[in-house]
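Coordinates in review
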Amino acid sequence: MALLAPSILSADFSKLGDQIGLIGASGADRIHVDIMDGHFVPNISFGPMVLAAVRPFSKLPMDVHLMVTEPERQMEAFVKAGADSITFHVETTPHADRLLCEIRAQGKLAGISLNPATSL
């Protein structure tokens, strides 16, 4: 079963709360939040404060995608900010198995992303 998870990265940031409300009204299953640190990927996006600020605008699960170096250093802040699931890139941490367990221990869903060049 496919789930629809629009990314807020394409939203009008001047109306972010309203746009998140529109996602909920659209029939989407969750809201995707891309977090980029400028190290692992060249762009920079949101931090946990933005997630915490927009969390009240929707009851949909917030799916956080950590495209950051050392995601284990940021995971807890995003859990506290309202993430319901956290996905990180296996290329960014030496102990992906431990991080998966830590995320799940917080009662959140956990996932791993792979860059296209990374072998399964």
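Residues numbered from 1 in each chain as written. Predicted model: local features only at pLDDT ≥ 70, side-chain atom pairs only at ≥ 80, totals over all residues. Heavy atoms only, no water.

**Some thoughts on the packing of aromatic side chains**
Scanning all chains against the criterion turns up one aromatic pair. Plain terms: the ring middles of Phe-13 and Phe-46 are 5.5 Å apart, the flat faces sit at 80 degrees to each other, and that makes the pair edge-to-face. Of this pair, Phe-13 sits in the segment before α1 (16–25) while Phe-46 sits in the loop between β1 (31–36) and α2 (48–54), and the two are 33 residues apart along the sequence. Taking relative accessible area as the criterion, Phe-13 reaches 48% and is therefore assigned partly exposed. Phe-46 sits in the buried class, given a relative accessible area of 11%. (Phe/Tyr/Trp six-rings, centres within 6.5 Å; stacked < 30°, edge-to-face > 60°. Helix = DSSP H or I, 4+ residues; strand = E, 2+ residues; numbered from the N terminus. Buried < 20%, exposed > 50% of the residue type's maximum accessible area, 1.4 Å probe, protein only.)

**A few points about unusual backbone geometry**
Despite not being glycine, Glu-70 shows a phi value in the positive range, around 55 degrees. Secondary-structure assignment places Glu-70 in the loop between β2 (62–67) and α3 (75–81). Overall, Glu-70 belongs to the partly exposed group, its relative accessible area being 34%.

**Remarks on the pattern of salt bridges**
This model, assessed by the stated rule, comprises three salt bridges. Between Asp-84 and Arg-55 there is a salt bridge, with its nearest N and O atoms 2.7 Å apart. On the criterion of sequence distance, the pair formed by Asp-84 in the loop between α3 and β3 (85–89) and Arg-55 in the loop between α2 and β2 is long-range, its members being 29 residues apart. The buried category is assigned to Arg-55, whose relative accessible area is 18%. Its salt-bridge partner being Arg-73, residue Glu-70 comes within 3.0 Å of it at the nearest N-O pair. (Salt bridge = Lys/Arg side-chain N within 4 Å of Asp/Glu carboxyl O.)

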